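The chain contents come next:
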Amino acid sequence: MKTKMSKSMLMTALICGTIVPVLCGATSAYAEEEKSETLSSFELNPMVITATRTEKRDVDIPASTEILTHEQIVERGATNAMDALTYVNGVEINRYFPGGAAMTTMTSDINIRGYGEGTLVMVNGNPINLNSTYNIDAIPTESIERIEVVKGGSSVLYGSEAMGGVVNIITKKKGSNFLSAGIGNRGHRKFNVGVGNDKFHVNYDITRWGRINHINDSAKPATKSTDYYFSHDRSTKENIGVGYNIDDNLSVSYNHYESKVKYSRYYIMNDEYSQWRDTYTKEDLAQLNYDKDDFKIHVFWNKNKINYFGEGKSKAGGPWSKNEPTRRENTAFGTDIQKDFKFGQKTLLTVGADYKYEKLDQVLSSGKPGDGPKTRNTYAIYAQIDQKITDRDTLIVGGRGTWTRGSWNDNDYHNFSASGQYLHKFDENQSIYIKAASSFIMPTFSQMSPSGSLGGVDNPDLKPQRGLNYELGYKAVKGNHTYRAALFHTKVKDNITANVIGRDEQGSVIYQYTNKDFKNTGFEAGMDVKASEKFSYNFGFTIQNPKNYDSKYEDFGWRRKFGKYQIKGGVSYKLNKFRAALTGSYIGDRYTCPSSSEGYEIKPYFMTTFTAGYNPDKNSEISLIVDNILNRHDNVSNTMSNGGGYYYTPINFLLSYTYKF
């Protein structure tokens with residue numbers, strides 16, 4: 001007899017699978033703890049580099065960190081780096097089209113602890129933020145060794161944009177030989193091939209999506225004939241990566257990424273076709289990394305080109321007009337040099353300097369020539385001392401000086417950031433810490449001088465965002481369990497946010513970026529359990545209250561932002577040649593953050609993914625990914641006004657075959 005599991009039953013299964021074992025101490029049912037103590041400690045307490053710039057065990061780091069291994073990323077059904085971060089506690093993803101595809105210059109972004117503008121994204125320790133945007137949906141899972149997430153201000157070590165935290169995507173240094181092909185519904189296709197060895201490797205990945213109707217609403221319900229919804233017509237993403245290890249300490253790599261997205265727009269009241277648009281993005285990233293003993297050098301070059309054009313009409317029944325092409329080019333290159341000095345067994349001094357050149361060239365804006373390139377040179381020096389006071393107590397103090405020269409329109413800035421961290425260890429695998437850090441974010445060129453299809457108004461006097469982050473945390477590894485908890489508070493002065501200030505004669509939006517304030521206080525906790533060699537699970541939750549203060553809406557005072565509650569969790573099971581996992585991400589009590597109106601509450605979202613794999617032999621694997629298994633129609637964007645939003649892709653699957661040779 002065939003039975004069908006309801007959505008409520010499936011949600012119950014997921015929640016129970018993650019919470020019930022915690023409440024009931026279910027590990028006793030998998031009592032091989034003594035046997036696997038050493039193995040568990042190694043797997044559940046990994047070495048982390050990003051948080052302190054030196055390699056340390058997670059329990060020895062006075063900061064909130066999350067580490068995703070390649071195996072965990074595969075188990076969670078992620079096909080790229082953006083997908084992988086969906087299920088990280090304290091992280092909220094703002095996205096648009098399937099697979100994290102961008103909508104013109106609006107790219108999917110990462111929100112850490114309620115602060116959407118303050119995530120620094122790196123690949124192998126090199127920043128890839130370009131004019132406050134990044135395309136990590138271009139990085140396929142097959143290329144990733146692990147992802148390190150550091151939550152809380154990290155500007156002392158990494159400079160601007162690390163206000164909310166840092167995501168460091170560490171790619172595989174050694175190549176492997178494999179061929180993978182996948183097919184799914186909604187036109188989903190994926191092909192990936194890799195060739196290489198310990199010295200040299202090449203990877204190629206292509207992912208396609210087909211037509212998905214009504215993936216967006218501008219207003220719901222519709223109130224006038226100009227309200228509309230979008231449909232995703234098709235998209236293609238290609239990525240090629242090349243790496244060469246010159247020796248054990250020196251490596252070079254290059255990645256080229258291309259994305260093509262075509263979408264159309266319809267008026268809601270009469271379902272009349274009103275617009276089509278093509279978006280085409282190219283990005284190149286080159287890196288040189290040297291790491292020997294206590295000396296490191298990173299050199300990077302990053303450039304992207306964004307083009308979009310199409311046709312449309314301004315109102316239902318109106319005449320067609322051409323959407324003039326817009327083209328934007330972002331370029332950045334720079335270097336970071338770090339040296340560690342050890343004084344005995346208790347003192348470690350880390351010093352370094354970095355340089356970054358940035359350029360934005362709005363080549364075309366709605367068919368008209370841009371106003372010329374905007375450039376900036378940023379210099380910084382930093383130092384951090386890691387002092388072991390006793391065998392159980394460690395103090396870490398750091399500072400960074402940053403300044404710009406030769407900036408467009410003489411908008412030069414300078415900043416000094418400092419941090420202090422104290423860690424006390426109860427024993428080898430249990431610690432408590434306290435952290436205080438200042439951070440900053442410099443205004444981007446697009447914020448000081450916005451341009452494009454909408455009417456942006458210059459504001460060259462924007463101030464840098466300056467923030468303070470405080471955190472009290474606890475970490476422990478006990479047998480096959482790891483525990484993490486943190487109480488945090490963030491306050492940002494002059495948070496840069498877009499404000500709609502009116503409309504022109506044609507009814508087009510006129511907006512300007514202005515400085516506001518931001519604050520958030522919250523608590524997060526999580527645990528990972530390797531219950532047996534076959535079964536493991538993880539669970540995490542965050543309670544927070546992110547808010548903006550906007551003088552435009554003084555009557556409302558502090559305005560709510562993003563989600564107040566997060567619950568993340570998953571279960572995985574392995575038996576001989578078979579593996580399966582179920583993962584969920586719930587965010588509730590959500591508020592949008594539109595620039596043209598007061599924020600409003602929207603329904604929670606609950607993302608779910610089921611994965612399974614079977615190895616018929618040592619060289620082959622058949623895998624299945626089913627995403628959005630509850631088929632929820634959830635809004636996964638946070639900035640839409642008038643009750644609109646971009647929706648989570650309806651239930652979709654990808655069936656793949658991989659052969660290793």
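Source: prediction; values computed, not measured.

## Side note on the overall build of the protein chain
A tally of regular secondary structure across the protein chain gives 6 helices and 38 strands. In the protein chain, which comprises 661 residues, the proportion classed as buried is 57%. Contacts spanning at least 24 positions in sequence make up 64% of the contacts within the protein chain whose residues lie at least 6 apart. Accessible area for the protein chain stands at about 27,800 Å²; split by element, carbon and sulfur atoms hold 57% of it.

## Comments concerning the nonpolar core
Of all hydrophobic cores here, the largest spans 24 residues; its most connected members are Leu85, Ile110, Ile136, Ile147, Val167 and Ile169. Mapped by element, the contributors of at least two residues to this core are α4 (81-84), β4 (91-94), β5 (109-112), β6 (119-123), β8 (144-151) and β9 (165-171). Excluding anything up to four places from it in sequence, Ile136 contacts Asn80, Ala81, Met82, Leu85, Ile110, Val121, Ile128 and Ile169.

## Points about the pattern of salt bridges
All chains considered together, the criterion is met by 30 salt bridges. The partner of Asp137 in a salt bridge is Lys237, with the nearest N and O atoms 3.2 Å apart. One end of the pair, Asp137, is in the loop between β7 (126-127) and β8; the other, Lys237, is in strand β14 (residues 228-245), and 100 residues separate them in sequence. For the salt bridge of Glu621 with Arg579, the shortest nitrogen-to-oxygen distance reads 3.1 Å. Of this pair, Glu621 sits in strand β36 (residues 620-627) while Arg579 sits in strand β33 (residues 578-591), and the two are 42 residues apart along the sequence. One salt-bridge network, in which partners are shared between bridges, spans Glu66, Arg113, Lys151, Glu471, Arg484, Glu524 and Asp528.

## Remarks on empty space enclosed by the protein
Taken as a whole, this structure holds 12 cavities of 30 Å³ or more when the rule is applied. Counted as a void, the largest cavity has a volume near 420 Å³. Those elements giving two or more residues to the lining of the largest cavity turn out to be β12 (200-209), β14, β35 (605-617), β36 and β38 (652-660). Its volume calculated, the second largest cavity comes out at about 110 Å³. Counting only elements with at least two residues in the lining of the second largest cavity, the list comes to α5 (155-158), β23 (414-427) and β24 (430-441).

## A short note on the confidence of the model for the protein chain
For the protein chain, the average pLDDT comes to 84, and 85% of its residues sit at 70 or higher. Here residues 1-42 is a poorly scored stretch, pLDDT under 50, and it has 48 contacts once near neighbours within four places are set aside; other chains count.

## Focus: the pairing of β9
Extensive coverage of β9 is indicated by the burial of 6 of its 7 residues. In the sheet, β6 pairs with β9 via 5 bridges, with the strands oriented parallel. Bridge assignment links Val123 to a residue of β9, and that residue is Ile169. With 7 bridges joining them, β8 and β9 adopt antiparallel strand pairing. When the sheet's bridge partners are listed, Ile144 is paired in β9 with Thr171.

So, how was this worked out
- Residues numbered from 1 in each chain as written.
- Predicted model: local features only at pLDDT ≥ 70, side-chain atom pairs only at ≥ 80, totals over all residues.
- Heavy atoms only, no water.
- Helix = DSSP H or I, 4+ residues; strand = E, 2+ residues; numbered from the N terminus.
- Buried < 20%, exposed > 50% of the residue type's maximum accessible area, 1.4 Å probe, protein only.
- Contact = heavy atoms within 4.5 Å.
- Areas by Shrake-Rupley, 256 points an atom, 1.4 Å probe, with all protein chains shown as cover.
- Core = buried A, V, L, I, M, F, W, Y, C linked by side-chain atoms within 4.5 Å.
- Salt bridge = Lys/Arg side-chain N within 4 Å of Asp/Glu carboxyl O.
- 1 Å grid on protein atoms, 1.4 Å probe; cavity = no way out; pocket = protein on both sides within 12 Å on 5 of 7 lines; lining within 4 Å.
- Points joined across faces, edges and corners; volume = space filled by probe spheres on them.
- pLDDT = per-residue confidence, 0-100.
- Pairing = 2+ DSSP bridges.

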